[in-house]
Amino acid sequence: MPVFFERRQLVTPGDLLAENEYMTGENTYKENGKIYATRVGLVNYEGKKVHVVALKSFYIPMVGDTVIGKVVEVTLGGWVIDIRAPYLAMLRASDALERPFRPQKDDLTALFDVGDLVIAKIVAYDRTHDPLLTVLEHELGKITRGQIVEITPTKIPRVIGKQGSMINMLKKETGCHIIIGQNGRILISGKSPEDERFAVMAIRKIEQEAHMAGLTDRVTEMIRKEKGVKEGTEHVSKETGKND
Amino acid sequence: MSQKKPEKMIDENDIRLDGRKLNEMRPVKIEVGVLGNADGSAYLEQGKNKILAAVYGPKEVHPKHLSLPDRAVLRCRYHMAPFSVEERKSPAPSRREMELSKVIREALEPSIFTEYYPRTAIDLFIEVLQADGGTRCAGMTVASLALADAGIPMRDLVGACAAGKVEGRLVLDLTDLEDKGGEADMPLAYMPNANAVTLLQMDGLLTIEEFEQVVNLALNGCKQVCQIQKEALKAKYITVKEAEAEKEEKEEKEETEED
């Protein structure tokens, strides 16, 4: 029997998942024809491919990803940005200015200063070089308003949903503008703090219940219920008092 | 805890001072993900041993010259709290602690895919809060779980256990008293799925036959530890599921009450 677990079963590092003709997918490795897990997660067998959906991980940069980073240092020719990855990212002045960079005249702190949050895109990265960012594209640049929610990067696909089903629902139900950084940071900006609060709650729920089915419907229900609560605040506070 | 060395550590019925059989381990309790600010953490109690482990990283290396171009560096600190032993221990790292930090690092490094993250560092802190013999083994056991909890890709979990010789008898999982009064002590760390030993130390004297028996005894102990490790790691996520199920049940109940 070449398969040792059922689909979506919890595995730990070192667990033997499959043998021989199977291929390694994410978070697995092969040794002497045997495939083992490298992280805690849920196994999945897709045809001949075995992979593990990690329950906890950290962000590994990928070229083309949109990320939300924090400026940690302003250097002579650009900025050093923390993108929650094992490596600090570089944003060069020429990737932030739409005209040639003049080191004597341009004041980089006027554009981004230490502590600023920026939405950026990764333009270059490999294991020998730190990631390189750009902000010269639509919807990129400094964040001026809204709230940031941080979640485990492995759960980002769940927040987006199949063909964006989850994220579209969130945007529609809360009326907030939501930008997802692949590094696990999510920017929420809404018309009122209340709307933002709903979105934050929904994302927290998604993070907690990422491994369970039928999530989109339950989150929709939760938001609608919360909205109802807000409209009838007085009525509800009495009831919660009773329940305590 | 201040007790003089007893005359006999194993009685005529083969029962040890704490009531254990010769090949019996102390009860082990492990909890994973206990620290909010660490990337990964775990807490272990093995008899009177109480140990906390925390992992940070992979992250950029400071100072930079310590980084390696082809893999991550694992930096390990084994430290005993001043109150962990009977006589107050100086909090400064002692010769023994520095040596243990090194052997623990070398025992855990083969279990980690360090080559996946070049130019980074993984910081590992093992804090012994209460010590009663066998803390290096217990330290490795928790540290391995903390690494797994941090989401660091690993070949296998590392479980460790000691065995030795006390009053001419071969015993598993020695306490501080047995270690000090016994003839030999052998800590062993083991990766169960890879079937590989990553640490083997010994002090004292054993014959070749005894050595083999003690290795097998310790290996059995390691396998038990690994089983507990795995369960502890899974328990973290199963409890999440259970809590959710409970919450949903409660909500349903409330709803019916409201009606």
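Anything mentioned here points back to the structure above.
Read on for a plain summary of the structure.

The next thing to look at is the environment of A:A213. The residue A:A213 is located in the loop between α4 (193–208) and α5 (215–231) in this model. In the structure, A:A213 is positioned 92 residues away from A:K121 in sequence and 31 Å away in space, judged by C-alpha atoms.

Bringing the nonpolar core into the picture now. Among the nonpolar cores identified, the biggest contains 83 residues, and B:A53, B:I126, B:V142, B:A143, B:A146, B:L147 and B:A160 are the most heavily contacted of them. Considering each element in turn, this core owes the most residues, nine residues, to helix α2 (residues 135–149) of chain B. Ignoring anything within four residues of it in the chain, the contact list for B:I126 reads B:I51, B:A53, B:R77, B:Y78, B:H79, B:I104, B:G139, B:V142 and B:A143. The next biggest cluster of nonpolar side chains, apart from the first, holds 23 residues, and it includes A:V71, A:Y87, A:A96 and A:A120.

All names here are of chain A. Within helix α3 (residues 165–174), burial applies to M166, L170 and T174. All buried residues of α3 fall inside an arc of 40° around its axis, so they share one side. What points out from α3, more than 90 degrees from its buried face, is the exposed set S165 and K172. Directly after α3, the chain includes G175, whose backbone phi takes a positive value near 70°.

What follows is about the pairing of strand β1 (residues 28–32) of chain B. Residues and elements named next belong to chain B. Residues V28, I30 and V32 point to one face of β1 and are all buried, whereas K29 and E31, pointing to the other face, are not buried. Summarising the sheet, β1 and strand β2 (residues 40–46) pair through five bridges and their orientation is antiparallel. Counterpart to V32 in the pairing with β2 is A42.

With that settled, consider the environment of B:A184. All names here are of chain B. Structurally, the position occupied by A184 is in strand β8 (residues 184–191). Taking the C-alpha atoms as reference points, A184 and K165, 19 residues apart in sequence, are found 4.9 Å from one another. The contacts of A184, once residues within four sequence positions are left out, are G164, K165, M202, D203, G204, L205 and L206.

Turning next to the sheet that holds strand β16 (residues 185–189) of chain A. All names here are of chain A. One open sheet holds the three strands; their spatial order is β14-β16-β15, and the pairing between them is antiparallel. Looking along the sheet, the strands with just one partner apiece sit at the ends: β14 (147–150) and β15 (177–180). Neighbour-to-neighbour, the strand axes of the sheet open up by a mean angle of 20°, direction not taken into account. Where β15 meets β16, four bridges bridge the pair, whose relative direction is antiparallel. Pairing of I179 across the sheet is with L187, part of β16.

Residue and element names in this part refer to chain A. Summarising the element assignment, S165 is placed in helix α3. Judged by C-beta crowding, with 11 C-beta atoms within 10 Å, S165 ranks as exposed. In this structure, the C-alpha to C-alpha distance between S165 and T216, residues 51 residues apart in sequence, is 7.8 Å.

This brings us to the interface of chain A and chain B. In many reports, interface size means the accessible area that the parts give up when they come together. Listed per partner, the contact involves 21 residues of chain A and 25 residues of chain B. Its residues assigned to classes, the side of chain A that touches chain B shows eleven nonpolar, six polar and four charged.

Analysis parameters
Residues numbered from 1 in each chain as written. Chains lettered and ligands numbered in written order. Predicted model: local features only at pLDDT ≥ 70, side-chain atom pairs only at ≥ 80, totals over all residues. Helix = DSSP H or I, 4+ residues; strand = E, 2+ residues; numbered from the N terminus. Core = buried A, V, L, I, M, F, W, Y, C linked by C-beta atoms within 7 Å. Buried ≥ 20, exposed ≤ 12 C-beta atoms within 10 Å, placed from the backbone. Contact = placed C-beta atoms within 7 Å. Arc of directions from axis to C-beta. Pairing = 2+ DSSP bridges. Axes fitted to C-alpha atoms, helices over the stretch in contact; angles between N-to-C directions. Nonpolar A, V, L, I, M, F, W, Y, C, P; charged D, E, K, R; others polar.

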